[in-house]
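Below, each chain spelled out in residue letters.
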Amino acid sequence: MRTKRVTIKDIATEAGVSIALVSFVMNNKSDGKETYRVNKETAQRILEVAQKLNYQPNNAARTLRSGKTNTIGVIVSDISNKFFADIARCIENHAYKHKYTVLFGSTDENPQKLENLVEVFRNKGIDGLIVVPCEGADEIIRDIARQNIPLVLLDREVPDLEVSSVVLNNRRAGYETTEALIRRGFTRIEMISYSMGLSNIREREEGYRRCMQAHEMSENAVIHHLRHDKFAKIEEIIREARQRRVEAFLFATNTLAGPDRHLPQRLARAPGFRHRLLRHQRSLRHLQNRHRLRPPAHRTVRDRGPRPADQEHRTARQTRKLHTHRADARNRRERPRRGAAERGRG
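How each quantity is defined
- Counting restarts for each chain: residues are numbered from 1 in the order of the written sequence.
- Note on the predicted model: pLDDT of at least 70 is required for a residue's local features to be given, and 80 or more for side-chain atom pairs to be given and counted; whole-chain, interface and lining totals, by contrast, use all residues.
- To get the side-chain values, take all heavy atoms of the structure and skip hydrogens and water.
- By the criteria applied, helices consist of DSSP H or I runs no shorter than four residues and strands consist of E runs no shorter than two, each listed in order from the N terminus.
- With a 1.4 Å probe rolled over the protein chains alone, any residue whose accessible area is under 20% of its type maximum counts as buried; one over 50% counts as exposed, and the rest are partly exposed.
- Under the rule applied, a polar contact is a pair of N or O atoms within 3.5 Å (in protein, one hydrogen donor and one hydrogen acceptor; residues adjacent in sequence only if both atoms are side-chain atoms).
- The contact criterion used is simple: two residues touch if any of their non-hydrogen atoms lie within 4.5 Å.
- Ring geometry is summarised as follows: Phe, Tyr and Trp rings, the Trp one being its six-membered ring, pair when their centres sit within 6.5 Å, and such pairs are stacked at plane angles under 30 degrees, edge-to-face over 60 and tilted between the two.
- For this analysis, a salt bridge means a side-chain nitrogen from Lys or Arg found within 4 Å of a carboxyl oxygen belonging to Asp or Glu.
- For two strands to pair, DSSP has to find at least two bridges joining them.
- As a rule, the C-alpha atoms of each element are fitted with a line to give its axis, helices using only the stretch in contact, and angles between N-to-C directions run from 0 to 180 degrees.
- To define a nonpolar core, start from buried Ala, Val, Leu, Ile, Met, Phe, Trp, Tyr and Cys residues and group those joined through side-chain atoms within 4.5 Å.
- Handedness rule for crossovers: strands pointing away from the viewer, path from the first strand over the helix to the second running clockwise, crossover right-handed.
- Roughly parallel refers to an angle under 35 degrees, roughly antiparallel to one over 145, roughly perpendicular to one between 65 and 115, and oblique to any angle outside these ranges.
- A crossing counts as left-handed when the near helix is turned anticlockwise from the far one by less than a right angle, and as right-handed when that turn is clockwise.
- Any residue outside Ala, Val, Leu, Ile, Met, Phe, Trp, Tyr, Cys, Pro, Asp, Glu, Lys and Arg is labelled polar, Gly included; the first ten of those are nonpolar and the last four are charged.
- A helix is expected to reach a length of 1.5 Å times the quantity of its residues less one.
- In this description, the arc belongs to the directions extending from the helix axis to the C-beta atoms.

Bringing the side chain of glutamate 190 into the picture now. With respect to the helices, strands and loops of the structure, glutamate 190 is situated in strand S6 (residues 189-194). Classification of glutamate 190 by relative accessible area gives buried; the value is 3%. At 2.6 Å, the side chain of glutamate 190 and the side chain of histidine 224 are in polar contact. With sequence-adjacent residues up to four places away left out, glutamate 190 is seen in contact with Tyr208, Asn220, Val222, His224, Arg244, Val246, Ala248, Phe249 and Leu250.

Structure below.
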C-alpha cells in the first residue's frame, strides 16, 4: 500500500498553525537565512512536527515556484586526475554547506563531449556551471556565456571573454620553478609539455623561457611538446637528453608523468638528472618550502669513473652499514682476547 505524502498542510493541522507560517519556517530552514521574524518556540514546534511526520520537501514544486534547482554542474578535463579530484571535493563540501547538489562530468579534452555535458546539465536545470575549458571549445564556452548561464572558468581561460575565472599565475609558476633549479646549480634545463593551445600550458612555457633568458641561458631553453595520447615518447626524449648532457627537466603538468608512475623515480636515479613536476599552487608551495635538490656533480660518468653525488651518497650509507657489522663482528672476536690479557695482567 502506497503511503500518502506528508504536506505542509498536514504539519499545519498537527501543529495548530497556518499553512503560510509552516511554509515560512520550512523555507527559512532550507535557505539558512532569517528573512522574517517567527517566534522561536512556534518555529521549534513546527520543525518537531515535521520531523515526527517525516516530512520531505517537494523539490519539483519548489523549483517551479523559485526557478532554482540548487544544483551546480562541474565539468573538468579528467575527474580521476588528483588535482581536479581535490578541487571537486572542495566544491562539493562548500556546496553542501549552502544546500546545493553538484553534478560532475569529464571531457577527456574532447570539445564534443564538453558540448554534450553542457546540454545534459542545462536540461537538468542547473543554476550555474564551473568549467575547465578544453582545446577547441572556445566557441562552446562563449555560447554558454551568451545564454546568461552563470559561469566560472577553472584553471584555464578563453581569450577575449569577460567571465569569472579562477586560475593560477602560470607565468610566475613556470618562472619560479625554473629559478629554483637554477639556484641549485643546474644550467641545462629542458621542459616537457603538451602540444595544446591551452592558456595555462602556454603561460607556464612562457615563464620557463623568461627565466632562462633572465639568467642568460636562452641557448639551453628547449621545450618538448607531446600529444596527450603519446606519452611513450617521453622515454625517447630522456634517452636523447642524456646524450646531450641535460641536467634537469620540468614537466608542465602532473599528468605528463602520470601514465608511468615510476618515471619520476627513474629520473631521480638517472646519473646527473633532476626533474620537477610543475603542478598547480600546491606543488608550487611544495617546491618553495619542502623539496631540496642537490646541484649536479659536473663529473664524467663512466663505467669505472667517479660517480654522481647522489650515487656517492647512497654508496656511503651502504658502506657505513657494512663497516658497522664488521666492527661488531671484530669486537666479538677480540673480546675474549682482551679478557684473557686482563687476567694475565692481574
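After presenting the structure, the write-up continues.
A few words on the packing of aromatic side chains. In total, this model carries one aromatic pair according to the counting rule given. On the basis of an interplanar angle of 65 degrees and a centroid distance of 5.1 Å, the ring pair of phenylalanine 83 and phenylalanine 84 is categorised as edge-to-face. The exposure classification of phenylalanine 83 matches that of phenylalanine 84, with both residues buried.

Moving on, we get to unusual backbone geometry. Backbone geometry follows two general trends: most residues other than glycine have a negative phi, and most peptide bonds adopt the trans configuration. Of note in this structure, asparagine 70 is not a glycine but carries a positive phi near 50 degrees. Its place among the elements puts asparagine 70 in the loop between helix H4 (59-66) and strand S1 (71-76). A positive phi angle is found at aspartate 160, which is not glycine, with a value near 60 degrees. One can find aspartate 160 in the loop between strand S4 (151-154) and strand S5 (164-166). According to the relative accessible area criterion, aspartate 160 is exposed, its value standing at 78%.

For the coordinates displayed, the defined rule picks out 18 salt bridges. Notably, a salt bridge pairs arginine 171 with glutamate 203, separated by 3.9 Å at the nearest N-O pair. Taken together, the residues span a long stretch of sequence, with arginine 171 in helix H8 (residues 170-183) and glutamate 203 in helix H9 (residues 199-214) at a distance of 32 residues. The exposure class assigned to arginine 171 is partly exposed, which follows from its relative accessible area of 35%.

Moving on: the sheet that holds S1. With parallel pairing, the five strands of this open sheet are ordered in space as S2-S1-S3-S4-S5. The open sheet terminates on both sides in strands that have one partner only, identified here as strand S2 (101-106) and S5. On average, adjacent strands in this sheet sit at an angle of 20 degrees to one another, irrespective of strand direction. Of the strand pairs in this sheet, strand S3 (residues 128-131) and S4 are connected by three bridges, and their pairing is parallel. Across the sheet, the residue bridging to leucine 129 is leucine 151, located in S4. Against the sheet, helix H7 (residues 138-146) engages S3 and S4, with an angle of about 155 degrees to S4.

Our next topic: the environment of glutamate 115. Along the chain, the position of glutamate 115 falls in helix H6 (residues 111-123). C-alpha separation for the pair glutamate 115 and alanine 137, spaced 22 residues apart in sequence, amounts to 8.2 Å.

For arginine 209, the position within the fold is in helix H9. Between the C-alpha atoms of arginine 209 and isoleucine 223, which are 14 residues apart in sequence, the distance is 9.0 Å.

Take the nonpolar core next. Of all hydrophobic cores here, the largest spans 27 residues; its most connected members are Ile189, Ile192, Tyr208 and Leu256. Looking at this core, the elements that each hand over two or more residues are H8, S6, H9, strand S7 (222-226), helix H10 (233-243) and strand S8 (248-251). Other than its neighbours up to four places away in sequence, isoleucine 189 contacts Thr178, Leu181, Ile182, Tyr208, Met212, Asn220, Ala221, Val222, Ala248 and Leu250. Ranked by size, the runner-up nonpolar core spans 18 residues in total, among them Leu129, Ile144, Val158 and Leu161.

Bringing the pairing of S7 into the picture now. Along any regular strand the residues' side chains alternate between the sheet's two faces. As paired elements, S6 and S7 share five bridges and run parallel to each other. Following the sheet pairing, isoleucine 192 is matched in S7 by histidine 224. Taken together, S6, H9 and S7 form a β-α-β motif whose crossover is right-handed.

Another aspect to go through is the packing of H8 against H9. The interhelical angle for the contact between H8 and H9, taken along N-to-C directions, is 40 degrees, at an axis separation of 7 Å. One finds that H8 runs oblique with respect to H9. Of the two elements, H8 crosses H9, and the hand of that crossing is right-handed. Facing H8, whose interface residues are Asn170, Arg171, Gly174, Tyr175, Thr178, Glu179 and Ile182, H9 presents Asn200, Glu203, Arg204, Glu206, Gly207, Tyr208, Arg210, Cys211, Met212 and Ala214. By residue class, the composition of the contact of H8 with H9 is six nonpolar, five polar and six charged.

Moving on, we get to H6. Compared with an ideal rise of 1.5 Å per residue, which puts 13 residues at 18 Å, H6 spans 19 Å between its outermost C-alpha atoms and is within 8% of the ideal. Of all the residues in H6, the buried ones are Leu114, Leu117, Val118 and Phe121. Relative to the axis of H6, the buried residues are bounded by an arc of 100 degrees and lie together on one face. Taken together, the buried residues of H6 touch S1, S2, S3 and H7. Among the residues of H6, the N-terminal cap falls to asparagine 110, whose side-chain oxygen and the backbone nitrogen of glutamine 112 are separated by 2.9 Å. One or two residues past the end of H6 sits glycine 125, with phi positive at roughly 80 degrees.

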